[in-house]
Amino acid sequence: MTDSTREALRAAALAYHAEPKPGKLEIRATKPLANGRDLARAYSPGVAEACLEIAGDETAAARYTTRGNLVAVVTNGSAVLGLGDIGALASKPVMEGKAVLFKKFAGIDCFDIEVKESDPERLADIVCALEPTFGAINLEDIKAPDCFIVERLCRERMNIPVFHDDQHGTAIVVGAAATNALRVAGKRFEDIKVVSTGGGAAGIACLNMLLKLGVKRENVWLCDIHGLVHEGRDVDMNPEKAAFAQASEKRTLSEVIEGADLFLGLSGPRVLTPEDVARMADPPILFALANPEPEIMPEEARAVAPDAIIATGRSDYPNQVNNVLCFPFIFRGALDAGATEINDAMQIACIEGIAEIARQTTSAETAAAYRGEALTFGRDYLIPKPFDPRLSGVVATAVAKAAMDSGVAARPIDDLDAYKRRLEASVFRSALLMRPVFEAAATARRRIVFAEGEDERVLRAAQAILEETTETPILIGRPEVVERRAERYGLQIRPGRDVEIVNPENDPRYRDYWQTYHELMARRGATPDIARAIMRTNTTAIGAVMVHREEADSLICGTFGEYRWHLNYVTQVLGRGGFRPHGALSMMILEDGPLFIADTHVHADPAPEQIAEVAIGAARHVRRFGLTPNIALCSQSQFGSMAEGTGARIRAALEILDAQEADFAYEGEMNIDAALDPELRARVFPENRMQGVANVLIFAHADAASGVRNILKMRANGLEVGPILMGMGNRAHIVSPAITARGLLNMAAIAGTPVAHYG
């Protein structure tokens, strides 16, 4: 790295911490405080009621305060990352970062507490005094052996979980990586020889964890800066190191490395040589975890042992041992179960959960976050990536169950399956709202054909469909391309075995398809030659023909290309027998709930009759999500303030709905702010017939609908489900090129629901 590059990175890091406001955290109120009534409840006199409840029952604090979701990250700054003893104040950016990770990955609130105290017993006194405030304590960056003393004293005296992440977090992730490394190598914990460098907190904790997983103590060889930890040594010793002392005349790492199965490095750069690696058992397992430079660089190790299984602490190599795989989720499970401690059973459950995820098919969200990396279980993928969304549901649930089974859960969770679903819903924001749709789809086995079957997102969605639904995915694409890409992405699906393939270049049904298309389009200018060409090149048309021929129940297309281009072929083939596109509806999932937007794609400048159709269709689809439609017809005009333009068409649409006696709440014409603010709406038009906040906005121009949809998506962090094509009997849906694999899975569930389920 050049000096100019290093300086640029330094400047960028400092700017990140300084702008737009200093630091990485802020406190936000979770309850309204808009008037005197709110103030009386939040503070005096209403707050006294919560205080009295807790005074009578201390467990009530978890219900009436943030304590049940609040963790303290506590340090004295004596062993910060690779920076050493920089002091409490200088450690604050690191502790703020830890707090951000708690919130990002597990939704846990966190205060960072930096304590200017070097005496471990006095530091323990301070931490113990904090117990009324927090549901758990995360000790961080405290040097060894002081960290052992602080943690032991706090655990003895506190009735909440106390967890030194540098020790146990590292040990858990190492345990998960070792579990899978041994599986790849075909070895067992009981049989391996372990050589470790580094006698600090993390190193000792990792060795203790390996013992719990089955490694025999006599097979562990610990070295530090003074050489082998052996019986009779008195230099730089403590009880934790002495527990691993060997009765041996050997003194150096090079002497003890012979025949080792696993090297565990938590020490410093260049400690292990290629010659040392060459003398290890085959295949050597190397956990070189020193940062920023490991004990041996992976390329140097592979030069002498090409089959080596390697993990580091760096993100630019495979198998990064990163504590963020562990600590957010072990605390999540511990807090939710009201655990009084984090015991061995909970830690091993965490290990098993992390290891299990890596052995499963990689999630689409993880693949998107780590595009270009091979994420297939094996020597280069032993543990999941930090942004794998499955960690929360799998690991936290396993930890909570272990807390309950081991008798340390003060608030046992009644339904662990429901608990896991809630955790998944907090990660996949669409999960909770999509549940009624998935449940309805589960009552029928529908065949969903994907026009762009070679696309990575489609392949990942197909894998998820097979794992999570009763639907059958059909992919239009070349079999060899589908198979090659599935292998590259670490997916288990294979053409012909798991999914049906329609090969546009060579399919035995080709003649039937082009003849069907020609019959449908012969009087619309399509010659036999045109029909043949379209059935060789146009996958949307092929999919539509399959649905028309009842070889599939629904088509999903649009992962690339322009919406109206796809709509043209969908309408040509499937727009018959009373089916025609009425409009496109998008559900935008926002922080405060869902908001539906229509018509975003089908009618650029809809007539009143079309606007009324969109409203009726939107109401029907909103009910599919278990919601009651409350529809606002929006325009520039506000309750007749403008005689012409969109307001006139909205007023005409209202007359149509009134004449049909629509069975849902609707009102218009109005501005968007009036639709979303009942008090404003009441001031502008006291006689309006809508109650509460609108959850559906219908526009008289596609530009307005599409603009609002995109603003919500890009600036309000809205997650889109859709677009849902209305009026086609659920026989086709056209998505947008920005859709994710999770979005395609959601659309498959929508397409997988028979029309009878939603009218």
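All residue numbers refer to position in the chain's written sequence, counted from 1. At least 70 in pLDDT is required for a residue's local features to be given in this predicted model, at least 80 for side-chain atom pairs to be given and counted, and no such filter applies to totals for whole chains, interfaces and linings, which use all residues. To get the side-chain values, all heavy atoms of the structure are used, and hydrogens and water are removed first.

Per an unreviewed UniProt entry, the protein goes by NADP-dependent malic enzyme and derives from Rhodosalinus halophilus.

As for the packing of aromatic side chains
Test applied: Centres within 6.5 Å make a pair out of two Phe, Tyr or Trp rings, where for Trp the six-membered ring is used; the pair is then stacked when the planes are under 30 degrees apart, edge-to-face when over 60, and tilted otherwise. Only DSSP runs of H or I reaching four residues or more are called helices, and only runs of E reaching two or more are called strands; each is numbered from the N terminus. Partly exposed residues are those whose accessible area sits between 20% and 50% of the maximum for their type, while under 20% is buried and over 50% is exposed, using a 1.4 Å probe and protein chains only. Charge over a ring is defined by NZ of Lys or CZ of Arg lying within 6 Å of the ring centre and within 35 degrees of the ring normal.
Counted according to the given criterion, the structure contains nine aromatic pairs. Ring centres of F102 and F331 lie 5.3 Å apart, and the angle between their planes is 85°; this geometry places the pair in the edge-to-face category. Placement of F102 in helix α5 (residues 92-106) and of F331 in helix α14 (residues 327-336) is noted, with a sequence separation of 229 residues between them. With respect to burial, F102 and F331 carry one shared label: buried. Among the residues examined, F331 registers a relative accessible area of 0% and is labelled buried. Members of the aromatic cluster, each reached through a chain of ring pairs, are F102, F163, F327 and F331. In this arrangement the basic side chain of K98 is found over the ring face of F327, its NZ or CZ atom lying 4.2 Å from the centre. One residue, R536, lies across the ring of Y510, its end atom 3.6 Å from the ring centre.

A look at the UniProt feature "binding site: a divalent metal cation" (unreviewed entry) in the protein
Filter applied, for reference: UniProt positions are given in the numbering used here, feature names are shortened, and annotations may be inferred rather than shown by experiment. Contact between two residues is taken to exist if any of their heavy atoms lie within 4.5 Å; hydrogens are not considered.
Following the UniProt record, the feature "binding site: a divalent metal cation" (unreviewed entry) maps to E140, D141, D166 and N291 here. Inspection of the secondary structure puts E140 in the loop between β3 (136-139) and α7 (146-157). Among the residues examined, E140 registers a relative accessible area of 8% and is labelled buried. Secondary-structure assignment places D141 in the loop between β3 and α7. Note on D141: relative accessible area 3%, which makes it buried. Among residues more than four places away in sequence, those in contact with D141 are T75, N76, G77, S78, A79, V80, L81, V94, M95, H164 and D166.

A closer look at the side chain of N238
Rules: By the criterion applied in these results, polar contacts are pairs of N or O atoms within 3.5 Å in which, for protein atoms, one can donate a hydrogen and the other can accept it, and in which residues neighboring in sequence qualify only through two side-chain atoms.
Note on placement: N238 falls in the loop between β7 (227-228) and α10 (239-242). A distance of 3.0 Å separates a polar atom in the side chain of N238 from the backbone nitrogen of E240. Of note is the side chain of N238, whose polar atom sits 2.8 Å from the backbone nitrogen of K241.

Quick notes on the nonpolar core
A general tendency of soluble globular proteins is for nonpolar side chains to be buried together. We count it as follows: Among buried residues, those of type Ala, Val, Leu, Ile, Met, Phe, Trp, Tyr and Cys that are joined through side-chain atoms within 4.5 Å constitute a nonpolar core.
Core analysis: the biggest nonpolar cluster contains 101 residues, and I137, F287 and I354 have the highest contact counts within it. Of all the elements, helix α8 (residues 165-185) adds the most residues to this core, at 10 residues. Excluding residues within four positions of it along the chain, F287 makes contact with V174, A177, A178, A181, L262, F263, L264, G265 and A311. In this structure, Y489, I631, I650 and I739 belong to the second largest nonpolar core, which totals 57 residues.

A closer look at the pattern of salt bridges
Applicable threshold: A pairing counts as a salt bridge when a side-chain nitrogen of Lys or Arg comes within 4 Å of a carboxyl oxygen of Asp or Glu.
Counted according to the given criterion, the structure contains 44 salt bridges. For D529, the salt bridge is made with R532, and the minimal N-O distance between the two is 2.7 Å. Of this pair, D529 and R532 both sit in helix α23 (residues 528-537), three residues apart, which is roughly one turn of the helix. Accessibility expressed as a relative area gives 55% for D529, which makes it exposed.

Observations regarding the sheet that holds strand β19 (residues 696-699)
In a beta sheet, neighbouring strands pair by backbone hydrogen bonds and run either parallel or antiparallel. To keep it simple, the criterion reads: By this definition, two strands are paired if DSSP reports at least two bridges between them. Inter-axis angles, ranging from 0 to 180 degrees, are taken between N-to-C directions of lines fitted to C-alpha atoms, where helices are fitted over the stretch in contact.
Taken in spatial order, the six strands line up as β18-β17-β19-β16-β15-β20 in an open sheet, and their pairing is mixed. Of all strands in the sheet, those with a lone pairing partner are β18 (665-670) and β20 (719-726), marking the two edges. Strand-to-strand twist of the sheet, defined as the mean angle between neighbouring strand axes without regard to direction, takes the value 20°. Of the strands in this sheet, β15 (583-590), β16 (593-598), β19 and β20 are in contact with helix α30 (residues 702-715), which crosses β16 at around 150°.

So, the domain arrangement of the protein
Counted only if it meets this: The source of the domain bounds is an automatic or database domain assignment. In short, buried area is how much 1.4 Å probe accessible area vanishes from two parts on joining, totalled over both. Residues were grouped as follows: Ala, Val, Leu, Ile, Met, Phe, Trp, Tyr, Cys and Pro as nonpolar; Asp, Glu, Lys and Arg as charged; and all remaining residues, including Gly, as polar.
When cut into domains, the protein gives domain 1 (66-160), domain 2 (168-317), domain 3 (324-424), domain 4 (436-574) and domain 5 (583-727). A C-alpha centroid distance of 25 Å is found between domain 2 and domain 3. At the junction of the two partners, domain 2 supplies 20 residues and domain 3 supplies 18 residues. Around 1,600 Å² of area is buried between domain 2 and domain 3 when both sides are counted, 69% of it from carbon and sulfur atoms. Counting across the interface, domain 2 meets domain 3 through two salt bridges. With a shortest N-O distance of 3.2 Å, D380 and R302 are connected by a salt bridge. Listing elements by their share of the side of domain 2 that touches domain 3, those giving two or more residues are α8, α9 (201-212) and β10 (309-312). No other element matches the 12 residues that α8 contributes to the side of domain 2 that touches domain 3. Its residues assigned to classes, the side of domain 2 that touches domain 3 comprises 11 nonpolar, five polar and four charged.

Let's talk about the pairing of β10
Stated precisely, the cut-off is as follows: For crossovers, right-handed means that the path from the first strand over the helix to the second runs clockwise, given strands pointing away from the viewer.
Residue alternation in β10 divides its side chains into two sets, I309 and A311 and I310 and T312, and both sets are buried. The pairing of strand β9 (residues 285-288) with β10 spans four bridges and is parallel. Across the sheet, the residue bridging to L286 is I310, located in β10. In this fold, the crossover linking β9 to β10 by way of helix α13 (residues 298-304) has right-handed handedness.

Some thoughts on the environment of L139
Take L139: it is sitting in strand β3. On the basis of relative accessible area, L139 is assigned to the buried category, the value being 1%. In the structure, L139 is positioned 86 residues away from I225 in sequence and 26 Å away in space, judged by C-alpha atoms.

A short note on helix α20 (residues 456-468)
What sets the pattern is the α-helix's 3.6 residues per turn: residues three or four places apart point alike. The condition that has to hold: Helix span, expected: 1.5 Å multiplied by one less than the number of residues in the helix.
Between its first and last C-alpha atoms α20 spans 18 Å; for 13 residues at 1.5 Å apiece the expected length is 18 Å, and the two agree. Counting buried positions along α20 gives 10 out of 13 residues, so the element sits mostly inside the fold. Those residues of α20 that sit buried are E456, R457, V458, L459, R460, A461, A462, Q463, A464 and I465. The opening residue of α20, the one whose side-chain oxygen lies 2.8 Å from the backbone nitrogen of R457, is D455.

Things to note about the sheet that holds strand β1 (residues 70-75)
Overall, parallel pairing links the four strands, which are arranged β2-β1-β3-β4 in an open sheet. Only two strands of the sheet have a single partner each, and these edge strands are β2 (109-114) and β4 (162-164). The sheet shows a mean angle of 20° between the axes of neighbouring strands, direction not considered. Note: β3 against β4, three bridges, orientation parallel. Each residue of the ladder has a partner; that of L139, found in β4, is H164. Sitting on the sheet, α8 touches β3 and β4, and the angle it makes with β4 is about 75°.

Some remarks on unusual backbone geometry
Glycine aside, residues mostly have negative phi, and peptide bonds are mostly found in the trans state. The amide bond that connects S44 to the next residue, P45, takes the cis arrangement and shows omega of 5°. Its location among the elements puts P45 in the loop between α2 (36-42) and α3 (47-56). P292 follows N291 through a cis peptide bond whose omega is 5°. Relative to the assigned elements, P292 resides in the loop between β9 and α13. One non-glycine residue with positive phi stands out, namely N717, at about 55°. Position of N717 among the secondary structure elements: in the loop between α30 and β20. Here the phi dihedral of N730 falls at roughly 65°; this positive angle occurs in a residue that is not glycine. Here N730 falls in the buried class, since its relative accessible area comes to 2%.

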